[in-house]
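# Report on the structure
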Amino acid sequence: MKFADTPIQKKLAIIVMLTTAAALLVTCAAFFAYELTTYRETAIRHLETLGQVTADNSTAALAFQNRDDAAEVLSALKAHPDIRLAALFDQEGKMFARYPREATVDEPPPGFSHSGFGLVDGHLIGLVQVTQGRDRRLGTLFLKAGTGEINKRLRLYATITLVVFAASLAVAYVTSSVLQRQISYPLLSLATTARAISEQRDYAVRMPAGGKDELGVLNRAFNHMLKEIEKHVAEAEQAARTIRGKNRELESLMYVVSHDLREPLRTIQNFSEMLGDDYADKLDEDGQHLLTRIRIASDRLERLLLDLLDVSRASRTTKPTVSVNARKLVDGALERLAERIRDSRAKVRIDDHLPDLFVDETWAGEAVLNLLSNAMKYTRPGADPEVEVSGFAGEDGVGIAVADRGPGVPEGQEERIFQLFQRAVSRDIEGTGAGLAIVREVAEKHGGRVWVENRDGGGARFVITFGRQQPKPEASHE
Amino acid sequence: MAFLRSIRLFPLLMLVAGLARPTVIGAAPSKEYQVKAVFLFNFALFTDWPATAFADAKTPLVIGVAGDDPFGEFLNQVVAGEKAKGRPIEIKRYGHASEAQGCHILFVSDSEKRRIDDDLAPLGTQPILTVSDISRFARRGGMVEFFTTRGRIRLRVNLQNARAAGLTISSKLLRPAEIVGGRP
């Protein structure tokens, strides 16, 4: 796990432990180094003292050539377990006495007429001049001691150091895990609360105010933010409720208008028909012409009302959604457009792979029909319609795209063309201007959207999506 | 011991000296007295004299030989150039121990063994460390007696006599010595 991903409690523990360990390491190293040097010096001084005392006690033995006494003096060194060898040499460097008795010392050590102590090859070596009076040199004492005592002591120090190190770390761990709660607990509770809020969208919870430190500031700022969010959410919900109400009103208005207006329209149509049929001979040419105008206008009004009704129905549909492949929708629409395709010699190219959609089949089919029908209206000047259908998957969800080779959509009209009865083209092109409005209504009803973009090389490409919650392709074979 | 080595250049001389003195007859008598001569000098290192024993700071320390001299020139060579307690060392020879006034260490030769009782008396409590190899010397008023055991020269010390003379013998010297007539 990366350090950045480690929970904050662990992070704090690691930081504290690393800091403590570093400090302890330096301290213990210094302590150990100090002991190492001082204890060596101490050991040498100790041996020096021992040598001096022994040399002092050996003066008479050397002066009066009493080897037994000298051996006795040296044997007192057995109290010092590290002494490996002690030897007394006379003035000329001849071996006079030794300890232990079985030791073999034949040659006087080099520089035996000088005094000195030192560490040589893992042994403490010492030379002491045996003198009596001011400067009467009687001989030399040679001492050789092992470093067992030093090593034992150093091992003890190492053990103590290790124990101190471990104990300090343990104490630091306990202390830090108690103290770090001051930091980690508020942060953890903040994190838990934040997670709960983002998952449950309950903006009514509040953190305890906390102290005057940064965590308290954080908590209060967090609470303040929550309060703001709660306010905005409430406002947004209120606004959404209002809009939904207005929408319902609009929808019912649309329905009422489109439905109820058809009744008097039908009366107008019926009577004008009767007028044309029964009184044709009584009307002169002008009268006939006016009657035709009435009938054209009332037919047009009927179409408008029917479209309006469609849009209204599209927005009011509550049919359950089913999983259906887009190809089925396209094929259904093409069937209904077969006559127009044949008449206009339109070329329709469909991608082999179209996505599965989770839709209200009727209205989705209606939207596809409207897009195809719309595309067939726009061609290159003098050319036959060329329509291309392909799948679409993107940020805005899954759907299909329908492209034509017409003049494209004039800049600034991309939104307007989807509004009811708004048209971007002249009246030469048939249509009421309700088709794209129905498409948009269907798309939005499904949680998707529809938009248009101009193609390279001319033409427009309409994309409709049906929201993002589409079934996964492999899970929807029907 | 450069002097010991140099003396080996004169074995003939020592042989002559040994023959000249009937008291030094036997196996390597000169070797024995060489050792004793060195010991005699070493006594100076392990003994403290009262301040009255020296006229002033430059007064030499006198080592005397009473009676027949078994050391000859060797003793002079031993002390040549040496100092004891910062004082030069002087060798004096006396006919008899009774004449050894102002001496600090006196070796009483074996030739004096019949008269030491009389000779030591006049020295009385003078600060003179008396040394001899006359048998029972330490019990007969002397202070340090050389005796030989298993071929080695050992010391027998009469502390009472030394103390009576105002001398302090180092406890170190007493370590290898045998003590008579008084406890250390």
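Residues numbered from 1 in each chain as written. Chains lettered and ligands numbered in written order. Predicted model: local features only at pLDDT ≥ 70, side-chain atom pairs only at ≥ 80, totals over all residues. Heavy atoms only, no water.

### A short note on the pairing of strand β7 (residues 144–149) of chain B
Residue and element names in this part refer to chain B. Sheet topology note: the strand β6 (residues 129–132)/β7 ladder contains two bridges and is parallel. Bridge assignment links Ser132 to a residue of β7, and that residue is Glu145. In this sheet, strand β8 (residues 152–158) lies alongside β7 in antiparallel orientation, the contact comprising six bridges. From the neighbouring strand, Phe146 faces β8, where its bridge partner is Leu155. (Pairing = 2+ DSSP bridges. Helix = DSSP H or I, 4+ residues; strand = E, 2+ residues; numbered from the N terminus.)

### Focus on the packing of aromatic side chains
The full count for this structure, using the stated rule, is 12 aromatic pairs over all chains. A ring pair is formed by Phe107 of chain B and Phe146 of chain B, whose centres lie 6.4 Å apart and whose planes are at 35 degrees; its orientation type is tilted. Taken together, the residues span a long stretch of sequence, with Phe107 of chain B in strand β5 (residues 105–108) and Phe146 of chain B in strand β7 at a distance of 39 residues. Accessibility assignment for this pair places Phe107 of chain B and Phe146 of chain B in one class, buried. Among the aromatic side chains, those forming a connected cluster through ring pairs are Phe64 of chain A together with Tyr33, Phe39, Phe43, Phe46, Phe71, Phe107 and Phe146 of chain B. Over the face of the ring belonging to Phe3 of chain A we find Lys11 of chain A, whose NZ or CZ atom lies 5.8 Å from the ring centre. We note Lys36 of chain B situated over the ring of Tyr33 of chain B; from NZ or CZ to the ring centre the distance is 4.7 Å. (Phe/Tyr/Trp six-rings, centres within 6.5 Å; stacked < 30°, edge-to-face > 60°. Buried < 20%, exposed > 50% of the residue type's maximum accessible area, 1.4 Å probe, protein only. Lys NZ or Arg CZ within 6 Å of the ring centre and 35° of its normal.)

### Structural notes on the interface of chain A and chain B
Counting from both sides, the interface comprises 20 residues of chain A and, opposite them, 21 residues of chain B. Carbon and sulfur atoms supply 50% of the area buried between chain A and chain B, which totals about 2000 Å² over both sides. If you sort the residues of chain A by the area they bury against chain B, Phe64, Glu92 and Arg136 of chain A come out on top, with a joint share of 36%. Here chain A and chain B share two salt bridges between them. As a salt-bridge pair, Arg175 of chain B and Asp69 of chain A come within 3.0 Å of each other at their nearest N and O atoms. For the pair chain A and chain B, the number of links is seven residue pairs in polar contact (both at pLDDT 80 or more). Contributing elements (two or more residues each) for the side of chain A that touches chain B: α1 (8–57), α2 (59–63), α3 (67–75) and β5 (136–146) of chain A. Here the side of chain A that touches chain B takes five residues from α3 of chain A, the largest share from any one element. (Contact = heavy atoms within 4.5 Å. Buried area = accessible area lost by both parts, 1.4 Å probe. Salt bridge = Lys/Arg side-chain N within 4 Å of Asp/Glu carboxyl O. Polar contact = N/O pair within 3.5 Å; in protein donor to acceptor, adjacent residues only side chain to side chain.)

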